[in-house]
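Structural description and commentary
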Amino acid sequence: MLRIVRMLSRTERIDEFHLKLSRAEKELYEEFLKTEEAELVLEIQQYFAQAKGHAGGIRFDNASLWSKIENRVGVWFAEVCADRNQNEHMIPRSKGAILHRMKNLLAKTIRESLGRK
C-alpha cells in the first residue's frame, strides 16, 4: 500500500491566521499575490464604484461579485496546478488562504466605499 506523506513547513502566518503549509502551498499563495490579486482588487473597487451609482445597489446572490471571485480563484488555481502537475486536492490550504485574503480585501473595499476605515 502506497502512503502519501506531505511534508509540512513550520506554522506560517498568512493573513491574520496561522496555517501549516507545505512549500508548494506557500508558493501557490505567493504566486497568486504576485499575478492575480491586484487585478481582482481593481475589479472589486470598480464594482463598488458602479454599484454606488445604480438603484439596485450591491447584490450578494449567486451572480454576485463574491461568486465571480470564487470562480476566478478556482479557475486560476486549477490552471496553475495543472501547469505544475500538482493535484489541487492535495494542497487545499493555499486555495483556502487565497479565498480568505480575498474576503478580507472585499470587506476592506466595502468599508472604504461606505466611507469607513
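Just above sits the structure.
Residues numbered from 1 in each chain as written. Predicted model: local features only at pLDDT ≥ 70, side-chain atom pairs only at ≥ 80, totals over all residues. Heavy atoms only, no water.

**Thoughts on the packing of helix 1 (residues 23-35) against helix 3 (residues 65-83)**
Interaxial distance between helix 1 and helix 3 falls to 12 Å at its minimum, and their mutual angle equals 120 degrees. Judged on the interaxial angle alone, helix 3 and helix 1 are oblique. Helix-helix and strand crossings are classified by hand; for helix 1 and helix 3 the assignment is right-handed. Touching Leu28, Glu31, Phe32 and Thr35 of helix 1 are Val73, Trp76, Phe77, Val80 and Cys81, all from helix 3. A class-by-class count of the residues in the contact of helix 1 with helix 3 yields 7 nonpolar, 1 polar and 1 charged. (Axes fitted to C-alpha atoms, helices over the stretch in contact; angles between N-to-C directions. Helix = DSSP H or I, 4+ residues; strand = E, 2+ residues; numbered from the N terminus. Parallel < 35°, antiparallel > 145°, perpendicular 65-115°, else oblique. Left-handed = near helix turned anticlockwise from the far one by under 90°. Contact = heavy atoms within 4.5 Å. Nonpolar A, V, L, I, M, F, W, Y, C, P; charged D, E, K, R; others polar.)

**Re the packing of aromatic side chains**
Applying the stated criterion to the full structure yields 2 aromatic pairs. Their ring planes at 75 degrees and their centres at 5.2 Å tell us that Phe32 and Trp76 sit as a pair that is edge-to-face. Pair noted here: Phe32 is in helix 1 and Trp76 is in helix 3, with a separation of 44 residues, a long-range link. There is no split in this pair, since Phe32 and Trp76 are both buried. (Phe/Tyr/Trp six-rings, centres within 6.5 Å; stacked < 30°, edge-to-face > 60°. Buried < 20%, exposed > 50% of the residue type's maximum accessible area, 1.4 Å probe, protein only.)

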